[in-house]
Amino acid sequence: MHFDALVIGAGFAGLYQLHCLRDRLGLRVRVLEAGGDIGGTWYWNRYPGARCDSESHAYRYFFSRELNDEWQSSERYPGPPEIRAYLNHVAAKFDLRRDIRFGARVTAAHFEDAANRWRIETESGEKCSATYLVTAVGCLSAANVPAIEGLSDFGGKWYHTGEWPHEGVDLAGKRVGQIGTGSTGIQAAPVIAQSAAHLTVFQRTANYSVPARNAPLTPEFNRWVRENYDEIRETTRQTPNGHAFRISRRNVADVTPEERQAIYEAAWETGGLQFRATFRDLLIDKAANDTAADFLKARIRAIVKDPATAEALADINHPYSTKRPPIDTDYFETFNRPNVSLVDLRAEPIERITPKGIRTSNREIELDVIVFATGFDAMTGPLLKMDIRGRAGRALRDAWKAGPETYLGLQVPDFPNLFTVTGPGSPSVLTNMPVAIEQHVEWITDCIGHLRSHGIETIEASPEAARAWGAHVDEAANATLMTHAKHSWYYGANVPGKPRVFMPYAGGLQRYRKICEDIAARGYEGFVMDRGRTATVALTAGDFAGAAASPSPGV
Ligand code: N01
């Protein structure tokens, strides 16, 4: 069957892309979704303690005031069931389900030069084709289970948090080992500890965390959200990271040490990702960052009673927020429970998994369940899992051998009419995702509308523009302290053999939006239409100058 557009994925991105292409442009669209229902990341991530770190009033679509008016969130941070309920409401309101095929995992997408179309194949062998292919596969959807020797011999059960069984896992009375202390592990450990007989947390890298301070939302707050839709929406569009809070304009050095302490204490009490918005230079000045890092380490030492455990948890070797900063509910407090212990893998690395548990260099720890909170093959992983081939059969895997090459994170040279929502090279994971998604989906919709109204058959990024954009993505990252955490997944460092390239765009979502708008207004500068029929303009990183000035500390 042939469609005007195929969209891969039915999460926040795929649902809105379907609505835009079908209902605004009038195209024939099909969404192919690997999961059994809509939800994307929230369909798969059902681990204990899973919750969104963005606040409910910002973690939503802003394209429809009516939709905003209709929806009431129950808590400050939405949990997966509430997010799925929200997306179900969206799907029903815009009648989206009829164009979504579930259980359809795309394995291959090949561009046919002669016919100017994409041929798509799913795992079950289903085939179809489309003029435009939009990937809405998420940035964090390819689970990363580290290749630790002996896993296949393990006599208990093991799970990755990103592929958690939908029926749940009964951990009551079980000895659980959790590997990983990123955002996911920090959410999961306190909840696992409540039911497990014993929880052992295996920590390779100590991490900062700020209390989330989740709470039910009052009717007054929900009324405020309805009545201030325009202002909230505007804030998410004007801030570097798409949240509904602004980053302070003051620098750390603008206040006295006492004032600074009071500011940090107030932010700690408020809780959430806003902690990093206390000063504008936290992500660009190491001395400024040290003051936040010291404050947070002191908090860990004050909370955790066992001095050795406190020291291992506070022994953090990257500046605050240079890896994605977690927020938590009682994470550090959890280590005061008698049924929780910490294994510091820097002192005693894992040697192997045994039939009975995990053996470190010092001892064997017996376990019934291993929870891998070990993250994802981020950003490129979900795309490279598929066999995507562009002009002349060129594989995306080959094109990206040295790291992802994109123009604006939206298109790849030699892959015509392929659009990558929140692709590498875009702000994506450094932002409150729905806001970045809306911006991409609307830009793609306008672009396809432009092609159709001008009788243009193909659009693709020019190699020069992609190179210039890549240089600018590097430049933007280098203007921040994020280069101090080269072992983060932002650099692909968590996946052995993955090229070490800073993948998201750190120049700020508001500035990125402006760059995308300007490029479109200049006739899609840097893109090649119908293979050269419309001239492209050669770009250099300097063409995006100034964009690195306002780094976006990320979600
Ligand atoms: O994954 P991570 P995550 N042996 O990669 C450790 C988003 N998110 O799932 O740092 C031992 O951050 C690894 O150690 P190290 C958010 O963007 C969003 O927690 O590599 N340990 C690390 O501690 C987040 O950033 C929400 O040394 C191993 C951990 O596993 C992203 O998802 C909620 C290991 C992995 O941390 C990913 O977070 C939760 C090994 N072999 C998450 N391999 C929202 O609110 C890895 N580790 C929307």
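Look up: the structure comes first, before these words.
Rules used in this analysis
Residues numbered from 1 in each chain as written. Predicted model: local features only at pLDDT ≥ 70, side-chain atom pairs only at ≥ 80, totals over all residues. Heavy atoms only, no water. Helix = DSSP H or I, 4+ residues; strand = E, 2+ residues; numbered from the N terminus. Pairing = 2+ DSSP bridges. Axes fitted to C-alpha atoms, helices over the stretch in contact; angles between N-to-C directions. Near = heavy atom within 4 Å. Polar contact = N/O pair within 3.5 Å; in protein donor to acceptor, adjacent residues only side chain to side chain. Areas by Shrake-Rupley, 256 points an atom, 1.4 Å probe, with all protein chains shown as cover. Nonpolar A, V, L, I, M, F, W, Y, C, P; charged D, E, K, R; others polar. Buried < 20%, exposed > 50% of the residue type's maximum accessible area, 1.4 Å probe, protein only. Core = buried A, V, L, I, M, F, W, Y, C linked by side-chain atoms within 4.5 Å. Contact = heavy atoms within 4.5 Å. Expected span 1.5 Å × (residues − 1). Parallel < 35°, antiparallel > 145°, perpendicular 65-115°, else oblique.

> Outline unusual backbone geometry, supporting the account with residue identities and numerical values.
Phi at aspartate 95 takes a positive value of approximately 50 degrees, unusual for a residue other than glycine. Tracing the chain through its elements places aspartate 95 in the loop between helix 4 (80-93) and strand 3 (100-101). Located in the positive-phi region is alanine 392, a residue other than glycine, with phi close to 55 degrees. In this structure, alanine 392 sits in the loop between strand 17 (387-389) and helix 13 (396-399).

> Outline the sheet that holds strand 13 (residues 350-353), supporting the account with residue identities and numerical values.
Spatial strand order, 13-14-15: 3 strands in an open sheet with antiparallel pairing. Among the strands making up the open sheet, the edge pair consists of strand 13 and strand 15 (364-366). Going across the sheet, the axis of each strand differs from the next one's by a mean of 20 degrees, ignoring polarity. Sheet topology places strand 13 next to strand 14 (residues 357-360); 3 bridges connect them, and they run antiparallel. Residue isoleucine 350 lies in a different strand from strand 14, and its bridge partner there is threonine 360.

> So, the site of the ligand: which residues are in play, and what are the values?
Around the ligand, the surrounding shell holds 24 residues, and the nearest of these are Asp53, Thr184, Arg204, Thr205 and Lys323. Within the backbone of aspartate 53, one N or O atom sits 2.5 Å away from an oxygen atom of the ligand. In the model, an oxygen atom of the ligand is placed 3.3 Å from a nitrogen or oxygen of the alanine 373 main chain. Expressed as a share of its isolated accessible area of 920 Å², the protein-covered part of the ligand is 88%. Tallied by class, the residues present in the shell around the ligand amount to 10 nonpolar, 9 polar and 5 charged.

> Account for the environment of arginine 511, naming residues and giving values.
Among the structural elements, arginine 511 can be located in helix 16 (residues 509-521). Here arginine 511 falls in the partly exposed class, since its relative accessible area comes to 27%. As for arginine 511 and lysine 297, which are separated by 214 residues in sequence, their C-alpha atoms are 33 Å apart.

> Describe the nonpolar core, listing the residues and the values that go with them.
By size, the foremost hydrophobic cluster in this structure holds 84 residues, and its most contacted members are Phe12, Tyr61, Tyr407, Leu408, Phe419, Trp443 and Trp469. Here the element with the most residues in this core is helix 14 (residues 433-453); it accounts for 10 residues. Setting aside residues up to four positions removed in sequence, leucine 408 forms contacts with Gly425, Ser426, His440, Trp469, Tyr512, Ile515, Cys516, Ile519 and Phe527. Core analysis: the next-biggest nonpolar cluster, separate from the first, contains 48 residues, Ala50, Val169, Ala292 and Ile316 among them.

> Can you tell me about helix 14, naming the residues and giving the values?
The periodicity of an α-helix, 3.6 residues per turn, causes residues three or four places apart in sequence to face the same way. Under the 1.5 Å per step criterion, the end-to-end length of helix 14 is 30 Å for 21 residues, consistent within 8% with the ideal 30 Å. Just downstream of helix 14 lies glycine 455, where phi reads positive at about 65 degrees.

> So what's going on with the packing of helix 14 against helix 16? Residues and values would help.
Contact pair helix 14 / helix 16: the axes reach a minimum separation of 11 Å and the direction vectors enclose 0 degrees. Classified by the angle their axes make, helix 14 and helix 16 are roughly parallel. Here Val435, Ala436, Gln439, His440 and Trp443 of helix 14 come into contact with helix 16, specifically with Leu509, Tyr512, Arg513, Cys516, Glu517 and Ala520. Along the lines of polarity and charge, the residues of the contact of helix 14 with helix 16 split into 7 nonpolar, 2 polar and 2 charged.

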